[in-house]
Amino acid sequence: MTGWLVRPRRPVRAYSVLCWTAVGLFAAVLAAVAVTIGAESARAWAHAGLGFLWSGTWNPARDHYGGGLLVVGTVVTTGCAMLLAVPIGLGIAVYLAELSPRWLSAPVSAAIDLLAAVPSIVVGLWALLVVSPFFARDVEPTLARTPGLRSVFAGPAYGPGILLAAVVLTIMVLPTVVALSRNALQAVSGAEREAARALGATPWQVVRTAVLPAARPGIAGAVTLAVGRALGESIAVAMVIGNRPGLPRSLLQPGATLGSAIVNQFGEASPGLGESSVVALAAVLLALTVAVNAAGIGLLGRGGPPGRPAPGPPRRLAESPGAVGPAGAGPTGLVLLADPIDAATRSLPRRRWASRVMYNLCAACVIAGAAPLVALLYYTIARGHGALSLGFLTQAPRPAGIPGGGIATAISGSAKIVGLGLVMAVPVGLLSALFLYDRRGKAAGTIRFGADVLTGVPSIVLGIFAYGVLVRPFHHSSTVAAGFALAVLMVPIMIGGNEEALRAVPEDLFEAGLALGARRARVAGRIVVREALARLVTANLLAASRGVGETAPLLFTVAAPSAALTLLIFDRGPQAFASAQQTAWACALVLLAAVLALGATARAVAWRLTRHQR
Amino acid sequence: MTAVTLDDVSVTFGAHHAVRHVTLRLQRSRVTALIGPSGCGKTTVLRAINRMHEQSGAIVTGTVRLGDVDIYGPGIAAEHVRSRIGMVFQRPNPFPSMSIFDNTVAGLRLAGIRNKRLLREAAEQALHHAALWDVVKDRLDQPAIRLSGGQQQRLCIARALAVQPEVLLMDEPCSALDPIATAKVEDLISRLVPDVTVVLVTHNMFQATRVSHDVAVFLLDEDRVGELVEAGPIEKVFSSPADPRTRDYLSGHIG
Ligand SMILES: Nc1ncnc2c1ncn2[C@@H]1O[C@H](COP(=O)(O)OP(=O)(O)O)[C@@H](O)[C@H]1O
Ligand SMILES: [Mg+2]
């Protein structure tokens, strides 16, 4: 047990070198993303200048490229999604944190986490094949007929369009809004709730008076990060928005966003200016999301530790009370003009009614949030399981439209890509987290911030980055490039999760190691990692489950759709042949099962750990 | 005159009895101190008097009456009980996001009072009452958390008084304060009567002697469950306790 204490110094230095190397690699990748996107888009900027940002024409035939309409489309779609997601998400968060009975809040929270794990490509498939026909037949004509809404929902009901994209985005960002604002609400100290309750507040008044104001910075951060996510979502949007850029006059009309345009244009873009212009779209998207995410991270950071909310500005100003002379009585004897008890009594029925209304509204939000999840799971299972058979899982895909065949290459391809990604990401993620664990300086702060920002970078941008550094220079797509793209996506998630896992180890254990005479690095590397092992596994599994479900990073790095599950869904889902759609559903089911299995394993590990620690 | 009557009150947390068979009358316009070793259920009893247990999963049995109304009776709203029986907590807990003024009138706003003039007058009175007016009159719009701990606690008292409760429950209101702030709050408590009936939990015998008229002594019984041992006017209980356990407890703490 104590043998390592007396070992010579060399391994210690090796450990430090490893940590520095990992962090250096991470920092290099971070810089490379910015540099690559910048360099690859340079030609487009030189050609169109800043006019690229507002020119609305995208005409490759005449070498005219402008992203203005796409920026508008992105902002409009995201804005509509937030109009839906913020109230529903806040309602769910308030319900879970404040109003729900305790036995209910745990399973509902778990279901929300589940929704967060559903790959966007599966949401896109479901929206395209199930929700879109339903919208076109029932929802959109009704909206178009509703007085007052008519102007916003004018025109023919196609199904695919801005409205459907906004709904898909809502589903995608809802878990972010819920989880982060729930955390913010739960961080409000019980003392403030009790203060309000002791003054005779109804449950809703407690929330409104004591909880929401104190949680405001955290909620603002949650919403901002959700905006960042919505801006960057590309694949699911590309499947349902209709992909026709234009000034949105009606929400039923087809549109396009920066992300959806990149998805659709990049493959067809001519080398040179065309390609560079698509990368310029990615640059705009990158700048937008980094700005928004940095703001969100800043807001969440300013929320302060639990129980000590930041001293915001006072809610309401008193109007100079000096104008009124001391009323009647002095320090003893309360003589008031109105009897407050009487007022409290008279208003109580109304206040309780309001409280009940708000309670029901929040409960309705939970149902509104859970319904899509249930529907999505139902359709994926119902439509996917029919195709699944041993033959289907072990045969190679046939071309779209030709019945028969299977998805064997897609399964093995996905496994290879994710495996390769993990091989690259896990060591860097772990060593970087170890580097951060024991450091508080500027370098650590920068790396941490970099990891947080990279977590919010749209995966389509990372796909373009991997294409730029690993596909184009070598003139062919490769599993390595795809694995690299996934690794870049997973590393920041891993760094965050790993550092949290390491920090969960009690500080005195670290000090106990130091007291044994070991070096800090050594203690961190050996004792802390061992104690944190289960949590580390959880963090890495969760990051892996994110990687498994990604489509965008593979889009430009993998040669054929049949080489990955997510790509096969993206390829076959929109096709008219029943057999193609069936293949897509089957892939979705396999994918969902893999993602959920990873997530469930991660949580089981965490759960066993906490039980063991109790 | 009795303000609050507890009749055979027991409180359980799940399977755990915190305190049982408490029968006690709290006299109107007097300060009653609840004393006893820590863990004997003083806070638990206090929170049973304004139904603050309802969220924490505790079960209260027996009856608690305000005047002659059973506060746990059918048709009685907990919110209503709490606006008539105010509470001040161990740690000062002003609303951090609100100004001093907004904190003072928070209870009134919750009650639905919107009239600006009324709120202003009520705030001024309550702050006068809590001996805080002169300190804060020029900075009513500043955040309450800029005040010192003692001032925050007096602000919490003002906030509770603004609703004009009949009874004010105070759970060790000075335990987080320094001696000077403590003296100010004690002084304030003794001046709250006769307008308000005060129930004060304290572990400090000297504080009890200084500010209270009556005292109720809680101890742990053989099963380590809290029980009320003795209650009465403080001079009588402290000089000639009727129960030998009270005598033992007091001799350990006063000497
Ligand atoms: N929320 C709670 N859940 C479970 N047990 C509690 C809770 N609050 C108090 N208790 C128990 O009730 C008993 C009395 O506690 P308390 O009333 O706080 O004592 P005191 O205020 O006299 O120090 C203690 O045994 C304590 O463990
Ligand atoms: Mg106590």
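Scroll up a little and you will see the structure.
What comes next concerns the included structure. Being a predicted model, the structure only gives us computed values, none of them experimental.

1. Considerations on the overall build of chain B
Line of reasoning, step 1. Looking only at helices and strands, chain B has 11 helices and 10 strands in total.
Line of reasoning, step 2. For 255 residues, the compact-globule estimate of 2.2 N^0.38 gives 18 Å, and the C-alpha radius of gyration of chain B, at 18 Å, lies within 12% of that figure.
Line of reasoning, step 3. In terms of principal-axis extent, the alpha carbons of chain B reach across some 55 × 45 × 35 Å.
Line of reasoning, step 4. Looking at chain B residue by residue over its 255 residues, the buried ones come to 61%.
Line of reasoning, step 5. When the accessible surface of chain B is split by element, carbon and sulfur atoms take 50% of a total near 9700 Å².
Line of reasoning, step 6. Averaged over its 28 positive side-chain charges, chain B has a centre that lies 6 Å from the centre of its 28 negative ones.

2. Overview of the pairing of strand 2 (residues 16-27) of chain B
All names here are of chain B.
Line of reasoning, step 1. Across eight bridges, the pairing between strand 1 (residues 2-13) and strand 2 is antiparallel. Within the sheet, the bridge partner assigned to Val4 lies in strand 2 and is Leu26.
Line of reasoning, step 2. Where strand 1 hands over to strand 2, the hairpin turn is made up of two residues, of which Gly14 adopts a positive phi near 60°.

3. Observations concerning the pattern of salt bridges
Line of reasoning, step 1. As enumerated under the stated definition, the model contains 22 salt bridges over all chains in all.
Line of reasoning, step 2. Note that B:Asp214 is salt-bridged to B:Arg30, the shortest N-O span being 2.9 Å. Linking B:Asp214 in strand 9 (residues 214-220) with B:Arg30 in the loop between strand 2 and strand 3 (31-35), this pair joins segments that are 184 residues apart in sequence.
Line of reasoning, step 3. Residue classification places B:Asp214 among the buried positions, given a relative accessible area of 8%.
Line of reasoning, step 4. By relative accessible area, B:Arg30 is classed as partly exposed at 29%.
Line of reasoning, step 5. In this structure, the salt-bridge partner of B:Arg245 is B:Glu227, at a minimum N-O distance of 2.6 Å. Here B:Arg245 is found in helix 11 (residues 244-254), whereas its partner B:Glu227 is found in strand 10 (residues 226-233), with 18 residues between them in sequence.
Line of reasoning, step 6. Judged by relative accessible area, B:Arg245 falls into the partly exposed class, the value being 37%.
Line of reasoning, step 7. Among the residues examined, B:Glu227 registers a relative accessible area of 18% and is labelled buried.
Line of reasoning, step 8. Taken together, the shared-partner salt bridges connect A:Glu40, A:Glu275 and A:Arg472 into one network.

What counts and how
Residues numbered from 1 in each chain as written. Chains lettered and ligands numbered in written order. Predicted model: local features only at pLDDT ≥ 70, side-chain atom pairs only at ≥ 80, totals over all residues. Heavy atoms only, no water. Helix = DSSP H or I, 4+ residues; strand = E, 2+ residues; numbered from the N terminus. Rg over C-alpha atoms; globule rule 2.2 N^0.38 Å. Buried < 20%, exposed > 50% of the residue type's maximum accessible area, 1.4 Å probe, protein only. Areas by Shrake-Rupley, 256 points an atom, 1.4 Å probe, with all protein chains shown as cover. Lys, Arg positive; Asp, Glu negative; His and termini not counted. Charge placed at Lys NZ, Arg CZ, Asp CG, Glu CD. Pairing = 2+ DSSP bridges. Salt bridge = Lys/Arg side-chain N within 4 Å of Asp/Glu carboxyl O.

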